[in-house]
Amino acid sequence: MSAAIPLTVEDRFAIKDLLVRFAWALDTADADALAGCFTPEGVMIEEVFEGDPGVWEGESGLRRMVGYYAAIPGFPGRQHYAANTLVEGGDGRAQAKSFALVTECLREAPHNVRFCGYYDDQLVRMEVQWLFARRVLRLWDGEVLKRFPGYESTATRRRQPEMTLVPKTPPRSSKTD
């Protein structure tokens, strides 16, 4: 049995760059770039709203996710941040956990914090790049706060009506014909 090959410094930088590419792609509605952050069978799961997880699988599902968010009134101006990232793994596989924060910058201050939570990622190295195999977004409650009295269970949060939109047109591609 051979020894596990640990993550290198270059791997860690590449994983951090992937987190940033995802945020830029989502916040600029670039469906091509966002789909390119995942393996072909990759999945994004939003475990934020009670009984209504958002699940987007494969390239077409991830493109629909970009269209879904781009169609939400007020989404332009939001910025997604991933910070305090803990990465573990080796042999071409990694797990990452990052704090997630979403701000809303709509023309004039004050700007708002729209979301606090965390990402729980499963990553794989495919050829020369790291990609998400599975990315889960969760609220900052429940399991991560179970050691604090009164925070053992998940808070109920319902999807706002304006977030139930289904876009009628696909998101614009960043590719030129």
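From a predicted model like this one, the values you see are computed outputs, not experimental measurements. (Residues numbered from 1 in each chain as written. Predicted model: local features only at pLDDT ≥ 70, side-chain atom pairs only at ≥ 80, totals over all residues. Heavy atoms only, no water.)

Is there a simple way to explain the overall build of the protein chain in this structure?
Summing up its helical and strand segments, the protein chain has three helices and six strands in all. Secondary structure elements of the protein chain occur, N-terminal to C-terminal, as α-α-β-β-α-β-β-β-β. Looking at the protein chain residue by residue over its 177 residues, the buried ones come to 38%. Across the protein chain, the fraction of contacts at a sequence separation of at least 24, relative to all contacts at a separation of at least 6, is 56%. For the protein chain, the accessible area works out to roughly 10,900 Å², and carbon and sulfur atoms hold 56% of it. (Helix = DSSP H or I, 4+ residues; strand = E, 2+ residues; numbered from the N terminus. Buried < 20%, exposed > 50% of the residue type's maximum accessible area, 1.4 Å probe, protein only. Contact = heavy atoms within 4.5 Å. Areas by Shrake-Rupley, 256 points an atom, 1.4 Å probe, with all protein chains shown as cover.)

Explanation requested: the sheet that holds strand E3 (residues 78-90) in the structure shown.
Backbone hydrogen bonds hold the strands of a sheet together, and the pairing may be parallel or antiparallel. On the basis of which strands lie adjacent, the open sheet formed by six strands has the order E2-E1-E6-E5-E4-E3 and mixed pairing. With partners counted over all chains shown, the strands left at the sheet margins are strand E2 (54-57) and E3, one partner each. Pairwise comparison of adjacent strand axes, ignoring direction, gives a mean angle of 15° for this sheet. Here 12 bridges tie strand E4 (residues 93-104) to strand E5 (residues 112-126), and the two strands are oriented antiparallel to one another. Bridging across to E5, Gln95 finds its partner in Gln122. (Pairing = 2+ DSSP bridges. Axes fitted to C-alpha atoms, helices over the stretch in contact; angles between N-to-C directions.)

Any chance you could explain the side chain of Arg78 here in plain terms?
Tracing the chain through its elements places Arg78 in strand E3. Of note is the side chain of Arg78, whose polar atom sits 3.4 Å from the side chain of Glu104. (Polar contact = N/O pair within 3.5 Å; in protein donor to acceptor, adjacent residues only side chain to side chain.)

Can you walk me through the pattern of salt bridges in this structure?
Tallied over the entire structure, the rule returns nine salt bridges. Of the charged contacts in the structure, one is a salt bridge between Glu47 and Arg138, with a shortest N-O distance of 2.8 Å. Linking Glu47 in strand E1 (residues 38-47) with Arg138 in strand E6 (residues 129-139), this pair joins segments that are 91 residues apart in sequence. Salt bridges sharing partners connect three or more residues here, namely Asp32, Glu59 and Arg63. (Salt bridge = Lys/Arg side-chain N within 4 Å of Asp/Glu carboxyl O.)

When you look at the pairing of E6 in this model, what are you seeing that I'm missing?
For a regular strand, side-chain orientation follows a simple rule: the groups alternate between the two sheet faces. With eight of 11 residues buried, E6 is to be regarded as a mostly interior element. Pairing analysis gives six bridges linking E1 to E6, with the strands arranged parallel. Bridge assignment links Met44 to a residue of E6, and that residue is Arg135. Alignment of E5 against E6, held across 10 bridges, turns out to be antiparallel. The partner of Tyr119 across the bridge, within E6, is Leu137. Count of turn residues in the E5/E6 antiparallel hairpin: two residues, of which Glu127 carries a positive phi of about 60°.

Function cannot be inferred from these measures alone, as they are strictly geometric.
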